[in-house]
Amino acid sequence: MPKTTYPRDRFDEVSRQRARVGAHRAENPRMRAWVVVLWALLATIVLVAIGIFGSLIATGRVTLFPAPSATPAPVATIEPVIDLTYGVVVLNATPEPGLATRTKDTIVAAGWPADSVLPGDAGSTDFPETTVYYSFPEDEAAALGLAGVIGGAQVAQTDAYLQVDDPATEVDESVVKQLTVVLGLDRIASPSPSATE
């Protein structure tokens, strides 16, 4: 390959006694101490946060993707219904005489036939709170309605007052619609000292 030669010019004549001529790299600036401390502090904070978060995930205290919780089903509220087709037994479970008869009068005044409301005495005289008992779940609305008629009473389901079928009759008494009111000490005007103790 032939060599190409260029004519000499002023750039080829560099004096050896002079200082350097041309571009050269500048000296590295000194790194400031506060920048180093700031970066070290930032790195420490990031590493500590990652460590804490990682340990919370590992121990199960934090869940990245929690499963959706089941929404509770709304509880159906039962509206009170005054159903005059139910027979009513009123039992006085207090020491006050005549309370069952007065309650019967209130129920009859609300529209029940007089012969379908039977007053009587309970086996005890210290029942604490007046309660309307019903036997089947479908009777609850009627029990709530009767509780409202007698002035607000508790309502509860029980088999204790379920009638037993009499085989001598054609009617199945175990399915007769009946509500039982047990009058408690909350219905008497001035409870006796023995009843409240």
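Calculation rules
- Residues numbered from 1 in each chain as written.
- Predicted model: local features only at pLDDT ≥ 70, side-chain atom pairs only at ≥ 80, totals over all residues.
- Heavy atoms only, no water.
- Helix = DSSP H or I, 4+ residues; strand = E, 2+ residues; numbered from the N terminus.
- Buried < 20%, exposed > 50% of the residue type's maximum accessible area, 1.4 Å probe, protein only.
- Areas by Shrake-Rupley, 256 points an atom, 1.4 Å probe, with all protein chains shown as cover.
- Phe/Tyr/Trp six-rings, centres within 6.5 Å; stacked < 30°, edge-to-face > 60°.
- Contact = heavy atoms within 4.5 Å.
- Core = buried A, V, L, I, M, F, W, Y, C linked by side-chain atoms within 4.5 Å.
- Pairing = 2+ DSSP bridges.
- Axes fitted to C-alpha atoms, helices over the stretch in contact; angles between N-to-C directions.
- Right-handed = clockwise from strand over helix to strand, strands pointing away.

A. How the structure looks around the overall build of the protein chain. Helix and strand counts for the protein chain come out as four helices and five strands. Reading the protein chain from its N terminus to its C terminus gives the helix and strand order α-β-α-β-β-α-β-β-α. Taking all 197 residues of the protein chain together, the buried fraction comes to 22%. Carbon and sulfur atoms provide 60% of the accessible area of the protein chain, an area that totals close to 15200 Å².

B. Local environment of the packing of aromatic side chains. Per the stated rule, a full pass over the model turns up one aromatic pair. Between Tyr 133 and Tyr 161, the aromatic rings sit 5.4 Å apart at their centres with planes inclined by 40 degrees, giving tilted as the arrangement. Residue Tyr 133 is found in strand E3 (residues 131–134), and its partner Tyr 161 is found in the loop between strand E4 (154–157) and strand E5 (178–183); the two are separated by 28 residues along the sequence. On the basis of relative accessible area, Tyr 133 is assigned to the buried category, the value being 16%.

C. Main features of the environment of Gly 87. Counting through the fold element by element, Gly 87 comes out in strand E1 (residues 87–92). For the pair formed by Gly 87 and Val 176, sequence separation is 89 residues and the distance between their alpha carbons is 8.2 Å. Those residues in contact with Gly 87 that sit more than four places away from it in its chain are Ser 116, Lys 177, Gln 178 and Leu 179.

D. Structural context of the nonpolar core. Counting 22 residues, the largest nonpolar core has Val 132 and Leu 146 as its most contacted members. Contributing elements (two or more residues each) for this core: E1, helix H2 (99–109), E3, helix H3 (140–149) and E5. Of the residues forming this core, the biggest block, five residues, is contributed by H3. Setting aside residues up to four positions removed in sequence, Val 132 forms contacts with Ala 143, Leu 146, Ala 147, Ile 150, Ala 153, Gln 154, Val 155, Ala 156, Leu 179, Thr 180 and Val 181. Val 89, Leu 91, Tyr 133 and Val 182 belong to the second largest nonpolar core, which has five residues in total.

E. Quick peek at the sheet that holds E4. As summarised here, the arrangement of the five strands in space is E2-E1-E5-E3-E4, forming an open sheet in which the pairing is mixed. Unpaired on one side and paired on the other, strand E2 (117–121) and E4 mark the two borders of the sheet. Neighbour-to-neighbour, the strand axes of this sheet turn through a mean angle of 20 degrees, independent of strand direction. Along the sheet, H2 contacts E1, E2 and E5; its crossing angle with E2, the most-contacted strand, is approximately 165 degrees. Together, E1, E3, E4 and E5 form the strand contacts of H3, whose direction differs from that of E3 by roughly 160 degrees.

F. Region of the structure containing the pairing of E3. Because side chains alternate across E3, one face comprises the buried residues Thr 131 and Tyr 133, and the other comprises Val 132 and Tyr 134, equally buried. In this sheet, E4 lies alongside E3 in parallel orientation, the contact comprising four bridges. Of the residues in E4, the one forming a bridge with Tyr 134 is Gln 157. Each parallel crossover has a hand, and for E3 linked through H3 to E4 it is right-handed. As judged from the three bridges shared by E3 and E5, these two strands associate in the antiparallel manner.

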